[in-house]
Amino acid sequence: MKPKVTVSLPQHEAVIVGAGFGGMGAAIALKRLGIDDIVIVEREDDLGGTWHVNRYPGLAVDISSLTYSYSFEPNPYWSRLFARGDELKRYADHVAETYDLRRHMRFSTSVQGARWDEEAQHWVVALDKGEPVAARFLLTATGFLSQPHTPDIPGIDTFAGKIIHTADWDDSFDLHGHRAAMIGTGATAVQLVPEVARQVDELTVFQRTPIYVVPKVDTPIPGVVQELFARVPLTQQVARLANTAMLEAMMVTSVLHFRQAKVFNHAAALLAKAHLRAQVRDPKLREKLTPDYDFGCKRPTFSNEYFRTFNAPHVHLETERIERIEPDAIVTADGGRTEIDTLILATGFNLWDVNFPAIEVIGRDGRNLGKWWRDNRFQAYEGVAVPHFPNFLTLASPYSYSGLSYFTTIESQMRHIRRLLKELSRRGASTFEVTEEANAEFLDRMTERLGDSVFHLGSCATSNSYYFNPHGEAVILRPTSTINAFREANNFPLDDYAYA
Ligand code: NAP
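Note that residues are indexed from 1 along each chain, following the sequence as it is written. Local features are withheld for residues below a pLDDT of 70 in this predicted model, meaning they are given only at 70 or higher, and side-chain atom pairs are given and counted only at 80 or more; totals for whole chains, interfaces and linings count all residues. Derived side-chain values reflect all non-hydrogen atoms in the structure, with water molecules and hydrogen atoms excluded from consideration.

Moving on, we get to the state of the cysteines. Two cysteine sulfur atoms make up a disulfide if the distance between them is within 2.5 Å. By the definition in use, this model includes one disulfide. There is a disulfide in this structure between Cys 297 and Cys 460, and the S-S distance comes to 2.0 Å. Between Cys 297 and Cys 460 the sulfur-sulfur dihedral comes to about -80°; the bridge is accordingly left-handed. Taken together, the residues span a long stretch of sequence, with Cys 297 in the loop between α8 (283-288) and β11 (301-302) and Cys 460 in the loop between α13 (454-457) and α14 (482-491) at a distance of 163 residues. Labels follow the DSSP assignment, with helices taken as runs of H or I lasting at least four residues and strands as runs of E lasting at least two, numbered in each case from the N terminus.

See the structure below:
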């Protein structure tokens, strides 16, 4: 990054990094406070974050759209309960237009780093093109799943056919007639496997760790219901509440309050196993697809098609360890050789090496956020603030992810931002910084709460879950109910911050 500030730098009230739903939510929160001098920097060429980048066939939400959207900007016209990717992208465009966000955005621009200038009392943000920008506030909304992971399998660079990562889908590539392999069986593969199977001659799916999949109650939303949602918004709010409560019970309580709600956890695991049994007759195949870790150790997903796709004669599940890749084949540890001409990497994202944080952030006294997190523990007060980082809010942080829908997270963060910046203004101060004590108290509390979760009490050793960081701590999810997250966003002690 370019190190030193110059007085001629352009000044802004705020820089937001990321133009996905997180960055847009942050911008809406600021604009509602009258802060309009905002620059939103986005490395991609358009807004929408994950819903702009991901375009693989079968892409859809796996959290119902009733819940997976801003509560203050409901879309009565979702075409189905689980909207497809392109509909989500259109919703993102609609939000940007409604809240006049596009004019703040600088696309195809990467942030190279940000440094707090103590003398000037502002952030200096270095970009890959043009002059650095300086701003009073820095908000990073870089997402959790934004750095694709390409596996370092021996020989992968010698492969002679086409390699496609799911996060970089090639729309022009026709899969018909191909012998394809897919590596990975996460939530992305669960959506993609049935689609690819429909097109290719042969598909071999290489699974390292099976995933829990529960039924997806998906259906088109009839026009008459859409009209009802549009005319009587309360009906959509009630539907949202019911869906969110169901997710909270099954996916959040059963995982985070495992000690108290083990029965929910076992019920969810049983549901997934019954779903598998209903769809796959072959007991050997079923066994391979059955997780040997507790439900929720890694992110479960929803699908009605994934399991049954493996019944097709041209679809194969390979569970042997991949030893190497050759120009025309994948070779497994048992000597098996699968000849292929196309390799699909559904290998997910790199969280812990490159994403916490996604850019270099240097705070007061030269504290480097990424180094500090790694030398100490991953931590962020209420999932948004870090001591020694004045006027900085980090939205993709340890303990920030609340509930199963990302919108729960961003909306509770928007409330936190509002309360904090209103207090800053009320005091006539220009900087805020969370105190060491408040941060330590929050970390202790979250650590204690994690003790109740499946991550501590369950059997997660074989889950290979990205929830766990290199220290072995599962610090992505906030280990509280979403109601607690909202309550604290509305009521956190204002003196948890120092103002100057
Ligand atoms: P993921 O859950 O991290 O899955 C990556 C898969 O690749 C895993 O099965 C992993 O195996 C496998 N893998 C990675 N490196 C490998 C290697 N060297 N050899 C063999 N296998 C390897 O990634 P994802 O499926 O892209 O999903 C990421 C997240 O995105 C999900 O958890 C979910 O939160 C989100 N998502 C959401 C939706 C939605 O509809 N809302 C859809 C898709 C994804 P291991 O498990 O053994 O590591």
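This is not the end of the story, as more comes after the structure.
Another aspect to go through is unusual backbone geometry. With an omega dihedral of -5°, the bond running from Phe 356 to Pro 357 counts as a cis peptide bond. Unlike most non-glycine residues, Asp 365 shows phi in positive territory, near 55°. Residue placement: Asp 365 occurs in the loop between β17 (360-362) and α10 (369-375). A positive phi angle is found at His 388, which is not glycine, with a value near 80°. Residue placement: His 388 occurs in the loop between α10 and β18 (392-394).

Once that is clear, we can look at the site of the ligand. One heavy atom within 4 Å of a molecule or strand is enough for the residue carrying it to be called near that molecule or strand. The immediate surroundings of the ligand are formed by 24 residues, with Ala 60, Thr 188, Thr 209, Lys 298 and Tyr 466 found nearest. N or O atoms closer than or at 3.5 Å make up a polar contact, with two conditions inside protein: a donor-capable atom paired with an acceptor-capable one, and, for residues adjacent in sequence, both atoms drawn from side chains. Within the contact set of the ligand, an oxygen atom lies 3.1 Å away from a backbone nitrogen or oxygen of Ala 187. Accessible surface area values rest on a Shrake-Rupley calculation with a 1.4 Å probe, where residue burial reflects the displayed protein chains alone. Considering the ligand on its own, with 910 Å² of exposed area, one finds that the protein chains cover 86% of that surface. Per-element accounting of the shell around the ligand gives the leading share, three residues, to helix α4 (residues 187-199). Residues that form the shell around the ligand fall into these classes: 10 nonpolar, 10 polar and four charged. Delimitation of the domains relies on an automatic or database domain assignment. Summarising the domain contributions, the shell around the ligand has at least three residues from each of domain 1 (11-47 + 101-145 + 351-499) and domain 2 (156-217 + 242-345). Polar here means any residue other than Ala, Val, Leu, Ile, Met, Phe, Trp, Tyr, Cys and Pro, which are nonpolar, and Asp, Glu, Lys and Arg, which are charged; Gly is therefore polar.

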